[in-house]
Amino acid sequence: MKKLIDFSRYSSIKIGPIVEVEVIEKIDPAYEKLFLVGGANNLLVSPTPPPLAILGKPFDFIRIENDELVIGGATVTGRVVSFCKRHDIAGFEFLSKLPGTIGGAVKMNAGVKEYEIKNVLKWIRTCEGVIPASKLKLEYRKTDIKHIIYEAGFKLERGYSEQLRQKLLKLRTNQPKEPSAGSVFKNPPGDYAGRLIEAVGLKGKRVGNMAWSDVHANFLVNLGCGTFEEAMELIDLAKKRVYEAFGVKLQEEIVIL
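In this text, all values refer to a predicted model and were calculated from it rather than measured experimentally.

Asker: Give a description of the pairing of strand E11 (residues 129–132) that names residues and reports values.
Answerer: The side chains of a regular strand alternate, residue by residue, between the two faces of the sheet. Relative to E11, strand E10 (residues 121–126) runs antiparallel, the two sharing four bridges. Each bridged residue has a counterpart across the sheet, and for tryptophan 123 the counterpart in E11 is proline 132. Linking two consecutive strands that pair antiparallel, namely E10 and E11, is a turn of two residues.

Here's what the structure looks like:
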């Protein structure tokens, strides 16, 4: 089944063409050649992306099963937080207002500070079957998962904390309100990408309708009808300036298609 998606509306940064995307309704290795876009919250889609796909309704679920929380890859993170609040389940408070799907959150080991997916993940299901978390390389904002994540199993621990949810939300109050794809670069060891971008004078720097945010320098914001080319110009400029000034090679946290 195919579906037309306008990435200038669907993606969080509001950039991209209208593309025919495959809707995956069953587990099949044939889909591995496609790039899964999830909620498109950390994507920058070019005018000529590779073949794309999204998970369909069969993978949008959340349930308690055998003392575990089992969640479909297409399930949005906000729904997970609501479910955990309702059922007094701890460990998922950090997902509040962290947009995207569970599949995407697992794939990039999403988190806020020390609170991250790997702390609660038990296993994932791909076209190769069930893989325990202990066999996955789960690192800061990245994993070595190469296959589509159809569902995942998590620890089931009681004790949802609204206080913790509010505390973690406060840590993100310095994020811009304009459309963005979240943090553009990973923080290099012992430093912050935003600090480095600001230090080389790029905070607030604008090219066309894209800019490095003047609220948080590691966020690329769309000021209205921004383009892929304008975004890439700013990304390349930041990498060049930071390397020249500090010898640090910034690595993208966003995915460029």
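Asker: Lay out helix H6 (residues 228–246) with the relevant residues and their values.
Answerer: Here H6 spans 27 Å end to end across 19 residues, near enough to the 27 Å set by a 1.5 Å rise per residue. In this structure, the buried residues of H6 make contact with strand E4 (43–44), helix H5 (193–199), strand E16 (206–207), strand E17 (210–212), strand E18 (219–222) and strand E19 (255–256). The positive-phi residue at the C-terminal boundary of H6 is glycine 247, with phi of around 70 degrees.

Asker: Could you give an account of the pairing of strand E7 (residues 68–72), with specific residues and numbers?
Answerer: Counting buried residues along E7, five of its five residues qualify, which places the element largely inside the surrounding structure. The pairing of strand E6 (residues 62–65) with E7 spans four bridges and is classified as antiparallel. By the bridge assignment, arginine 63 is partnered in E7 with valine 70. Hairpin connection from E6 to E7: two residues lie between these consecutive antiparallel strands, with asparagine 66 at a positive phi of about 50 degrees. Across five bridges, E7 lies against strand E14 (residues 151–155) in antiparallel orientation. Following the sheet pairing, isoleucine 71 is matched in E14 by alanine 152.

Asker: Please set out helix H4 (residues 162–170) residue by residue, giving values where relevant.
Answerer: Looking at H4, one finds that the buried residues are Leu164, Arg165, Leu168 and Leu169. Buried residues of H4, seen end-on, are gathered within an arc of 135 degrees and therefore sit on one face of the element. Of the residues in H4, the exposed ones pointing more than 90 degrees away from the buried face are Gln163 and Lys170. Packing partners of the buried residues in H4 comprise helix H2 (77–86), strand E8 (111–112) and strand E9 (115–116).

Asker: Summarise the side chain of threonine 126; cite the residues concerned and give the values.
Answerer: Inspection of the secondary structure puts threonine 126 in strand E10. Take threonine 126: its relative accessible area is 3%, and that puts it in the buried class. Sequence-distant contacts of threonine 126, that is, excluding residues within four places in its chain, are made with Ile27, Ile131, His147, Ile148 and Tyr150.

Asker: Can you tell me about the pattern of salt bridges, naming the residues and giving the values?
Answerer: Using the criterion set out here, one finds 15 salt bridges in the structure. A salt bridge links lysine 118 to glutamate 116; its shortest N-O distance comes to 3.9 Å. Relative accessible area serves as the criterion here: at 36%, lysine 118 is assigned to the partly exposed category. What makes glutamate 116 buried here is its relative accessible area of 12%. Among the charged side chains, a network of salt bridges with common partners joins Lys57, Asp60 and Arg79.

Asker: Let's hear about the sheet that holds strand E3 (residues 35–36): which residues, and what values?
Answerer: Spatially, the four strands line up as an open sheet ordered E1-E2-E5-E3, and their pairing is mixed. Edge strands, defined here as strands with exactly one partner in the open sheet, are strand E1 (2–6) and E3. With three bridges joining them, strand E2 (residues 18–24) and strand E5 (residues 52–55) adopt parallel strand pairing. For isoleucine 24, the partnering residue across the bridge sits in E5 and is leucine 55.

Asker: For the side chain of serine 213, give the residues involved together with the corresponding values.
Answerer: Within the secondary structure, serine 213 sits in the loop between E17 and E18. What makes serine 213 buried here is its relative accessible area of 2%. Every residue in contact with serine 213, bar those within four places of it in the chain, is listed here: Pro176, Lys203, Gly204, Phe219 and Val221.

What counts, and where the lines are drawn
Residues numbered from 1 in each chain as written. Predicted model: local features only at pLDDT ≥ 70, side-chain atom pairs only at ≥ 80, totals over all residues. Heavy atoms only, no water. Pairing = 2+ DSSP bridges. Helix = DSSP H or I, 4+ residues; strand = E, 2+ residues; numbered from the N terminus. Expected span 1.5 Å × (residues − 1). Contact = heavy atoms within 4.5 Å. Buried < 20%, exposed > 50% of the residue type's maximum accessible area, 1.4 Å probe, protein only. Arc of directions from axis to C-beta. Salt bridge = Lys/Arg side-chain N within 4 Å of Asp/Glu carboxyl O.

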